[in-house]
Amino acid sequence: MKLKQLTLLSLISLLFFFWNCSTPEKKQAQKPNILFIMSDDHAYQAISAYGFGLNETPNIDRIAEEGAIFTRACVTNSICAPSRAVMLTGKHSFVNGKVDNVQPFDWNQDNFPKLLQANGYQTAMIGKIHIDGLPLGFDYSMVLPGQGQYYNPDFLINGERKRLEGYVTEIITDSALDWLKNKRDASQPFCMLYHQKAPHRNWLPAPKYVNLYDDKTFDLPESFFDDYEGRGTAAKEQEMEVNRHMMWGHDFKLIVDPNGDSTGFMNDLNRMNEEQRANWMAAYENENQEFLTNMPEGVELAKWKYNRYIKDYLSCIKSVDDGVGELLDYLDQSGLAENTIVVYTSDQGFYLGEHGWFDKRFMYEESFRTPLLVRYPKEIKAGTEINKLVQNLDFAPTFLDYAGINIPEDMQGLSFRELVGGKTSEWRDAVYYTYYEYPSVHMVKRHYGIATERYKLIHFYYDIDEWEMYDLESDPNEMRNVYDDPNYAEVRKELHERLDEMRSSYGDSDENDQKYLKAYLDHREKARQRAANNK
Ligand code: SGN
Ligand code: CA
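Procedures and definitions
All residue numbers refer to position in the chain's written sequence, counted from 1. Ligands are numbered from 1 and chains lettered from A, in the order in which they are written. Selection of residues for local features in this predicted model requires a pLDDT of at least 70, selection of side-chain atom pairs for listing and counting requires 80 or more, and totals for whole chains, interfaces and linings are taken over all residues. As a rule here, side-chain values cover all heavy atoms of the structure and leave hydrogens and water aside. One bridge is not enough; two strands pair if DSSP finds at least two bridges between them. Every helix listed is a DSSP run of H or I at least four residues long, and every strand listed is a run of E at least two residues long, numbered separately from the N terminus. Angles run from 0 to 180 degrees between N-to-C directions of axes, and those axes are lines fitted to C-alpha atoms, restricted for helices to the stretch in contact. Any two residues having at least one pair of non-hydrogen atoms within 4.5 Å are treated as being in contact. Centres within 6.5 Å make a pair out of two Phe, Tyr or Trp rings, where for Trp the six-membered ring is used; the pair is then stacked when the planes are under 30 degrees apart, edge-to-face when over 60, and tilted otherwise. Burial classes: relative accessible area under 20% of the type maximum marks a residue as buried, over 50% as exposed, and values in between as partly exposed (1.4 Å probe, protein chains only). Put simply, a charge is over a ring when the Lys NZ or the Arg CZ is close to the ring centre, within 6 Å, and near the line of the ring normal, within 35 degrees. Donors, by definition, are the N, O and S atoms found within 2.8 Å of a metal, the threshold being 3.2 Å for Na, K and Ca, and water is not counted, so a site can look incomplete. Just to be clear on the cut-offs, tetrahedral is four donors with all angles between 85 and 135 degrees, square planar is four donors and octahedral six with opposite donors over 155 degrees apart and all others between 65 and 115, and anything else goes down as irregular.

Student: Just to check I follow, could you spell out the sheet that holds strand β5 (residues 154-157) for this structure?
Tutor: Across a sheet, strands are paired by hydrogen bonds formed along the backbone, either parallel or antiparallel in direction. Spatial ordering of the open sheet is given by β6-β5-β4-β3-β7-β1-β8-β9-β2-β10, a layout of 10 strands whose pairing is mixed. Only two strands of the sheet have a single neighbouring strand rather than two, namely β6 (160-163) and β10 (384-386). Sheet twist, expressed as the average angle between the axes of neighbouring strands with direction ignored, equals 15°. When strand β2 (residues 68-70) meets β10, the two strands line up parallel, connected through 3 bridges. By the bridge assignment, Phe-70 is partnered in β10 with Ile-386. Contacting β1 (33-39), β7 (190-195), β8 (340-346) and β9 (372-375), helix α11 (residues 298-333) crosses the sheet at an angle of about 175° to β8.

Student: Even after reading the chapter, I still don't get the packing of aromatic side chains, so can you show me in this structure?
Tutor: Centre-to-centre distance and the angle between the planes together describe a pair of aromatic rings. For the structure shown, the criterion picks out 45 aromatic pairs. With a centroid separation of 6.2 Å and 85° between ring planes, the pair formed by Trp-203 and Phe-358 is classed as edge-to-face. Here the residue Trp-203 occupies a position in the loop between β7 and α7 (233-237), and Phe-358 occupies one in the loop between β8 and α12 (365-368), the gap between them amounting to 155 residues. Overall, the relative accessible area of 1% leaves Trp-203 in the buried class. A ring pair is formed by Phe-395 and Phe-399, whose centres lie 6.1 Å apart and whose planes are at 10°; its orientation type is stacked. With Phe-395 and Phe-399 both in helix α13 (residues 395-402), this residue pair falls 4 residues apart, about one helical turn. Aromatic rings pair up to connect Trp-203, Phe-224, Phe-225, Tyr-306, Tyr-309, Tyr-313, Phe-350 and Phe-358 into one cluster. Its end group placed over the ring of Tyr-364, Arg-231 keeps NZ or CZ at 4.3 Å from the ring centre. Note that Arg-369 overlies the ring of Tyr-44, its terminal NZ or CZ placed 4.0 Å from the centroid.

Student: Explanation requested: the environment of Ala-451 in the structure shown.
Tutor: You can see Ala-451 is positioned in strand β12 (residues 447-452). In this structure the C-alpha to C-alpha distance between Ala-451 and Leu-495, which are 44 residues apart in sequence, comes to 8.8 Å. The residues contacting Ala-451, other than those within four sequence positions of it, are Met-363, Phe-368, Leu-389, Asp-429, Ala-430, Val-431 and Lys-456.

Student: Looking at this structure, how should I read the coordination of the calcium ion (ligand 2)?
Tutor: Each donor-metal-donor angle in an ideal tetrahedron of four donors is 109.5 degrees, and each such angle in an ideal octahedron of six donors is either 90 or 180 degrees. At this site the calcium ion (ligand 2) is bound by Asp-40 (OD), Asp-41 (OD), Asp-347 (OD), Asp-347 (OD) and Gln-348 (OE1), with donor distances of 2.2 to 2.8 Å. One way to put it: the 6 donor atoms around the calcium ion (ligand 2) meet at angles of 50 to 166°, and that makes the site irregular. Mapped onto the sequence, the residues coordinating the calcium ion (ligand 2) show the spacing D-D-x305-D-Q. Of this pair, Asp-41 sits in the loop between β1 and α2 (58-65) while Gln-348 sits in the loop between β8 and α12, and the two are 307 residues apart along the sequence. A residue is classified by how much of its surface remains accessible, and Gln-348, at 0% relative accessible area, is buried.

Next comes the structure, spelled out in structure tokens:
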């Protein structure tokens, strides 16, 4: 009996010993992996899970079916590089310093990949980052310089420039898979930023998709011929109308314009190899000739332009969706799916002809909002729908939270882990927005504003001083500015108060606006002088 007790005791201590030894690794292994997928200018209207009926994105939809879809995710500043800086730092543009596409970004400040790295994660950044300088916080980086090219793009691989043959979206996917399969250290948890350039302007589809929508005709969106009567000066003076501001070559892919002049599109074609170019010409040239010979007018011309735009745009998305499918399949096959958080988002939304527009920048819904789908089987119930105002400001704190790392106090976003996990329904009821890049391409005026679940209050400043207010419940398309409507006097007062509070709590001010305006104008002036000297 005594001996038996002794053996039992030693067995227990032995078990305890092994359990103890294995704890650190076990804990390590349990840290979730993060696959953060972002595309560029991908409108939520062009993801079938959002129900607009424009196109099919079965692979992106899968993330929502097996996880969550956010119906009112939004950005803090609807433009590329600033959005990425916010995503990395968890801080508003006026705090991280990258307020527009031209101001420098300081890579020495904290970002969430650096913090993951310091806590045992392996990190990689593959695709478009659009921020100059070697990306810091990554064990491996393979990024496009600037905007990058669709065909045979150059990459900076850990800082070294190399041109790769092929189509950008497919190359980025192949490289992401290669890193997951062959380059990473499988004993560590990983965080990979897999960030596509597509569907950014000028929308060159992959060789295999140049004919994807040949048999389809898309109807114009209902607000395509908006006359902006119910809006302010900013909406009237923008330069982002499909009908008026798109270019014959760059956007519509004509080699010669209707006057017979060369458009410059040959530059795009010259980057392709012979096979790619022959494939392209076979797909586009007959239709181009037919268009030039029987050129439509008025509404018919608008329809042609819109169709050329939307077909190219959606064809680019087809390759993005394929890539998501390949990554999800790999997670399944490798047994990683269960322990990997998958996020799909875009750097902001985009106009697909609503109000007659393309591009983004405005705090109006289509560009203010961004798609967001998240899957993490361990915590998120399949088919979850979140209608709260989540912002790209929240990515950094959310990822740190999932990884069990303290969220630095100076990060301004909130972790949405508990919200999406169904542990709480408490959330912020208003968000703050800023936009700075003016005067610039598309001429969207400087503005800032507040959005609540129902209302928006926006101030356009610099060369105008105008307030706009929208009631999304009675006017979801934001066609009628109610700022001066006496019925809204009370709401207007409350929104002003909330806006002032938010500006001060986030650390924003008129002085900030002036500081960044001056830096922007100085930058433009220097660029102008450089150009003049080079003449
Ligand atoms: C380029 C595009 C613009 C676009 C900006 C910013 N013109 O200038 O249409 O708004 O980028 O986009 S293009 O002639 O180069 O296509 S962003 O996504 O990088 O912010
Ligand atoms: Ca963008």
